[in-house]
Amino acid sequence: MPTAAADPEWRRAEALRQALHHHAWRYYVLDDPEIPDIEYDRLLAELQAIEARHPDWVTPDSPTQRVGGRPLEGFDPVRHRVPMLSIRTETDTEAGAALAFDARIRKELALGPDDPPVVYVAEPKFDGLAIGLLYEHGLLVRAATRGDGETGEDVTQNIRTIAQIPLRLRGAGTGIARLEVRGEVYMRRDDFEALNERQRARGDKTFVNPRNAAAGAVRQLDPAVTASRPLSFFAYGVGEWPSGLGDGPEGGTHWQVLQALRDWGFPVSDLVRRCAGGEALAAYHRDIGACRDALPFDIDGVVYKVDRLDWQRVLGFVTREPRWAIAHKFPAQEQLTRVLAIDVQVGRTGKLTPVAKLEPVFVGGVTVTNATLHNADEVARKDVRVGDTVIVRRAGDVIPEVVAVAPPLPQPRGEPFVMPSACPVCGSAVVREADEVDHRCSGGLYCPAQRKQAILHFAQRRAMDIEGLGEKLVDQLVDGNVVRGVADLYRLGLSSLVGLDRMADKSASNVLAAIEASKSTTLARFLFGLGIRHVGESTARDLARHFGRLDAIMDASMQDLLSVPDVGPVVANSIHTFFAQPHNREVVEQLRASGVHWPEHDGEARAEPLPLSGKTFVLTGTLPTLTREDAKARIEAAGGKVAGSVSRKTDWVVAGEAAGSKLDKARELGVAILDEAGLIALLDDPGAISPGSDSGRG
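Residues numbered from 1 in each chain as written. Predicted model: local features only at pLDDT ≥ 70, side-chain atom pairs only at ≥ 80, totals over all residues. Heavy atoms only, no water.

1. Points about the pattern of salt bridges
Part 1: Inspection of the entire model under this criterion finds 44 salt bridges.
Part 2: Close ionic contact of Glu123 with Lys305 constitutes a salt bridge, the shortest N to O distance being 2.9 Å. Linking Glu123 in strand 3 (residues 119-126) with Lys305 in strand 10 (residues 299-306), this pair joins segments that are 182 residues apart in sequence.
Part 3: Between Asp475 and Lys452 there is a salt bridge; the shortest N-O distance is 3.4 Å. (Salt bridge = Lys/Arg side-chain N within 4 Å of Asp/Glu carboxyl O. Helix = DSSP H or I, 4+ residues; strand = E, 2+ residues; numbered from the N terminus.)

2. Overview of the pairing of strand 15 (residues 351-363)
Part 1: With 7 bridges joining them, strand 14 (residues 334-346) and strand 15 adopt antiparallel strand pairing. Paired with Ile342 across the strands is Ala356, a residue of strand 15.
Part 2: Sheet topology places strand 15 next to strand 20 (residues 439-441); 2 bridges connect them, and they run antiparallel. The partner of Lys351 across the bridge, within strand 20, is Arg440.
Part 3: Sheet topology note: the strand 15/strand 16 (residues 366-372) ladder contains 6 bridges and is antiparallel. Bridging across to strand 16, Val361 finds its partner in Val368.
Part 4: Following strand 15, the chain reverses through 2 residues before pairing antiparallel with strand 16; Gly364 in that reversal takes a positive phi of roughly 65°. (Pairing = 2+ DSSP bridges.)

3. So, the side chain of Glu676
Part 1: Within the secondary structure, Glu676 is located in helix 25 (residues 676-684).
Part 2: Residues within four places of Glu676 in sequence aside, it is in contact with Leu623, Pro624, Thr625 and Leu626. (Contact = heavy atoms within 4.5 Å.)

4. What about the confidence of the model for the protein chain?
Part 1: For the protein chain, per-residue confidence averages 86 on the pLDDT scale, and residues scoring 70 or more make up 92% of the total.
Part 2: For the protein chain, the element scoring lowest by mean pLDDT is helix 1 (residues 2-5), at 59; strand 9 (residues 273-276) scores highest, at 96. (pLDDT = per-residue confidence, 0-100.)

5. What to know about unusual backbone geometry
Part 1: Omega for the peptide link from Pro407 to Pro408 comes to 0°, which places this bond in the cis form.
Part 2: Mapped onto the elements of the fold, Pro408 is located in the loop between strand 18 (401-405) and strand 19 (430-431).
Part 3: Positive phi is not limited to glycine here, since His534 has a value of about 75°.
Part 4: Secondary-structure assignment places His534 in the loop between helix 17 (523-529) and helix 18 (537-547).

6. Notes on the nonpolar core
Part 1: In this structure, Ile466, Phe526, Leu530, Phe579 and Leu591 are the most contacted members of the largest nonpolar core, which totals 55 residues.
Part 2: Of all the elements in the fold, those that place two or more residues in this core are helix 13 (451-459), helix 14 (471-479), helix 16 (505-517), helix 17, helix 18, helix 19 (550-554), helix 21 (569-580) and helix 22 (582-593).
Part 3: Beyond its immediate stretch of four places on either side in the chain, Leu530 contacts Leu445, Phe578, Phe579, Val588 and Leu591.
Part 4: Core analysis: the second largest hydrophobic core is formed by 39 residues, Ile176, Ala213, Leu231 and Leu309 among them. (Core = buried A, V, L, I, M, F, W, Y, C linked by side-chain atoms within 4.5 Å. Buried < 20%, exposed > 50% of the residue type's maximum accessible area, 1.4 Å probe, protein only.)

7. Quick look at the environment of Ala194
Part 1: Residue placement: Ala194 occurs in helix 6 (residues 189-201).
Part 2: Residue classification places Ala194 among the partly exposed residues on the basis of a relative accessible area of 31%.
Part 3: For Ala194 and Lys107, which are 87 residues apart along the polypeptide, the C-alpha to C-alpha distance reads 49 Å.

8. Examining the layout of surface pockets
Part 1: When its volume is computed, the largest pocket comes out at roughly 1,200 Å³.
Part 2: If you trace the largest pocket, you find 42 residues lining it, with Leu85, Arg182, Val238, Lys305 and Trp324 closest to the centre.
Part 3: Those elements giving two or more residues to the lining of the largest pocket turn out to be strand 3, strand 4 (129-136), strand 7 (178-186), strand 8 (232-238), helix 9 (254-263), strand 10 and helix 11 (309-315).
Part 4: Taken together, the residues of the lining of the largest pocket sort by class into 21 nonpolar, 10 polar and 11 charged. (1 Å grid on protein atoms, 1.4 Å probe; cavity = no way out; pocket = protein on both sides within 12 Å on 5 of 7 lines; lining within 4 Å. Points joined across faces, edges and corners; volume = space filled by probe spheres on them. Nonpolar A, V, L, I, M, F, W, Y, C, P; charged D, E, K, R; others polar.)

9. Some points on the side chain of Arg189
Part 1: Mapped onto the secondary structure, Arg189 falls in helix 6.
Part 2: Judged by relative accessible area, which is 19%, Arg189 ranks as buried.
Part 3: Excluding anything up to four places from it in sequence, Arg189 contacts Arg292, Asp293, Ala294, Leu295, Pro296, Phe297 and Asp298.

10. Brief notes about the packing of aromatic side chains
Part 1: Counted by the stated rule, this structure contains 14 aromatic pairs.
Part 2: Between Tyr135 and Phe266 the ring centres are 5.6 Å apart and the planes differ by 90°, which places this aromatic pair in the edge-to-face class. Linking Tyr135 in strand 4 with Phe266 in the loop between helix 9 and strand 9, this pair joins segments that are 131 residues apart in sequence. Judged on exposure class, the residue Tyr135 and its partner Phe266 are both buried. (Phe/Tyr/Trp six-rings, centres within 6.5 Å; stacked < 30°, edge-to-face > 60°.)

11. Observations regarding the sheet that holds strand 22 (residues 641-643)
Part 1: Here we have 4 strands laid out as an open sheet, ordered 22-21-23-24, and parallel in their pairing. Every other strand in the sheet has two partners, leaving strand 22 and strand 24 (672-674) as the edge strands with one partner each. Shown here is a sheet whose adjacent strand axes are inclined to one another by a mean of 35°, direction ignored.
Part 2: Pairing of strand 21 (residues 616-620) with strand 22, which is carried by 3 bridges, proceeds in the parallel orientation. What sits directly across from Val618, in strand 22, is Ala643.
Part 3: On the sheet, helix 23 (residues 628-637) packs against strand 21 and strand 22 and is oriented at approximately 170° with respect to strand 21.
Part 4: The strands that helix 25 touches are strand 21, strand 23 (652-655) and strand 24; relative to strand 24, the one it contacts most, it runs at about 100°. (Axes fitted to C-alpha atoms, helices over the stretch in contact; angles between N-to-C directions.)

12. Examining helix 14
Part 1: Every buried residue of helix 14 is accounted for by Leu473, Val474, Leu477 and Val478. Down the axis of helix 14, the sector holding all buried residues measures 125°, keeping them to one side. Exposed and oriented more than 90 degrees from the buried face of helix 14 are Lys472 and Asp479.
Part 2: Buried residues belonging to helix 14 abut helix 13, helix 15 (494-497) and helix 16.
Part 3: A positive phi of about 60° marks Asn481, the residue just after helix 14. (Arc of directions from axis to C-beta.)

13. Description of the environment of Ala217
Part 1: As for its position among the elements, Ala217 is in helix 7 (residues 210-218).
Part 2: Measuring from C-alpha to C-alpha, the distance between Ala217 and Val185 comes to 9.9 Å, with 32 residues separating the pair along the chain.
Part 3: When neighbours within four sequence positions are excluded, Ala217 is seen to be in contact with Asn158, Thr226, Arg229 and Leu231.

14. As for the pairing of strand 13 (residues 325-329)
Part 1: Most of strand 13 is tucked away, with 4 of its 5 residues classed as buried.
Part 2: Both strand 2 (residues 89-90) and strand 13 contribute to a ladder of 2 bridges, which runs parallel. Paired with Glu90 across the strands is His328, a residue of strand 13.
Part 3: In this sheet, strand 13 lies alongside strand 10 in antiparallel orientation, the contact comprising 5 bridges. By the bridge assignment for strand 13, Val303 is matched with Ala327.

15. Section: the sheet that holds strand 7
Part 1: Strands sit in the order 5-4-7-8 across an open sheet of 4 strands; the sheet is antiparallel. Each edge of the open sheet carries a strand with a single partner, namely strand 5 (139-145) and strand 8. Strand after strand, the sheet turns through a mean of 35° between neighbouring axes, direction not considered.
Part 2: In the sheet, strand 7 pairs with strand 8 via 6 bridges, with the strands oriented antiparallel. Residue pairing across strands places Gly183 opposite Ala235, the latter belonging to strand 8.
Part 3: Of the strands in this sheet, strand 7 and strand 8 are in contact with helix 9, which crosses strand 8 at around 140°.

Right under this line is the structure:
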């Protein structure tokens, strides 16, 4: 193309293509980018503009062609010149399988006990879709699925959308007349989760696992759909290979083949290892199995291949499998089983979780009889019913879950699952807020499933402040049935505590003294300690200030509660539901009968107004002597409110060392700024400093 080649814009397009190929290789294959994403996007946009002006200059390997072409009517068959054979799978997951493979290879190679160990290449067995990539003179010309091993499907347009697959080979690869590279298309776990989140957000069907999602993406008739799916690729071998190519299969090793593929621009897994002898193979299987769940992609085993290529040819094939390779599986992470029942479990925070009771099945290395169904919406979405055959997945220490219902469906099917209206543990009402997926038990103080969490929350420093009543002691008290609820704390005696782990006379006496001291508290602390959902310290103070008396809060209507500043419908409903439960009222009365008390008044209208009522503060930076929590407590004790961000409604910003953007925002809006000394002066004499004036900060 002499005319075009003389055009400076044509030369710029060629330079852009080379640069973009280089930077894509650095980013997608080496994970070591040289330029920021915005610069890559700028270069790509420049190339797109040139090609838009000169469509006849577009080359098949141009980075602009990764987006996919027109939708296909179907996939053309492709006959593999070198069959894509399957590898024999060893399902014995113990080390003996590796040792037996090594023994067989040594026997078939007629190696004696004094001969050196056979060297193998061991690599992960990726759980994806096998693909053959044909390159001619360094350019990708065709991609095909394995199919039946002899004939696959032409998926070239779709494969071109995968950024990790080079459209043009690097270095010496450009000089090879014909080369077929083989590898696995897969989907990373984080990409899979993100894809399913997008599917759910659109109301579309979600995918069962990354392998199915990857295989489905490759076989889309519309390449634009494939381009929208986050696919990745690892190369693991070659099919067609030119004869006489240096250290290639004419006289080299599989390890050298992999190094060549890396040099030519293909991603090769960093987990690939050379292993000498069967013991090394067994160790590799064990090591990869141990880190399997931490990998960013799914694997279902490892593959062993004799490294020397001349030995591979000597060993040859049996039926449709090579004698020189074997797949050594891990315990399956997915299995089929039947749902016997659907129970509901109540967690420590009151969350209700539907759980499938299963026919025992061995999955992920253990026998599984229960699997989580997460929540009512997930049960409905997957339409899991008693009697269904389901796919159960377990990976490592992850709780087994029901992934999907497996066809064919039984006829007739069981009834659809319905979340109970009463807690299966304590009988309290089950509630579900409009913007949440979870159902919860409303009997927080009473429900046995929530005892430990309720007691720890009640005893914390910002609530009833019972020093020494920590998690280990609460575990012993509840597990030993010494304490069944918060009211039982005030019935404890020395004999109940002495003898427990780390509880001598002095420690027990200190705990009992702290329990006794907690009887004298404030209404706000007591309300916060009850653990009412959505009622934090600030809301508890607002309620105490507004109503003055506990009985007024317990008997308040929704309308009454909504009249409290900063209490909206969700919070009001949570408070109203909590006190509507007879169990919760009974616990409150038991606490009062035990001597827990606080000052009460007739509500906000008749109470002494607090000096900083209605004033809003924002804290930023580190104060010299006060912690953030102490400063907040003193402000709120004086009736002020501490907010998290600065706005025009902010009265003061209290700034310490290393104050950041909040201080800048305050200056921008003209909000008054205080240092610690100014805050203390204001708390001591609220009339001394007025909003709009600064103290101690410029």
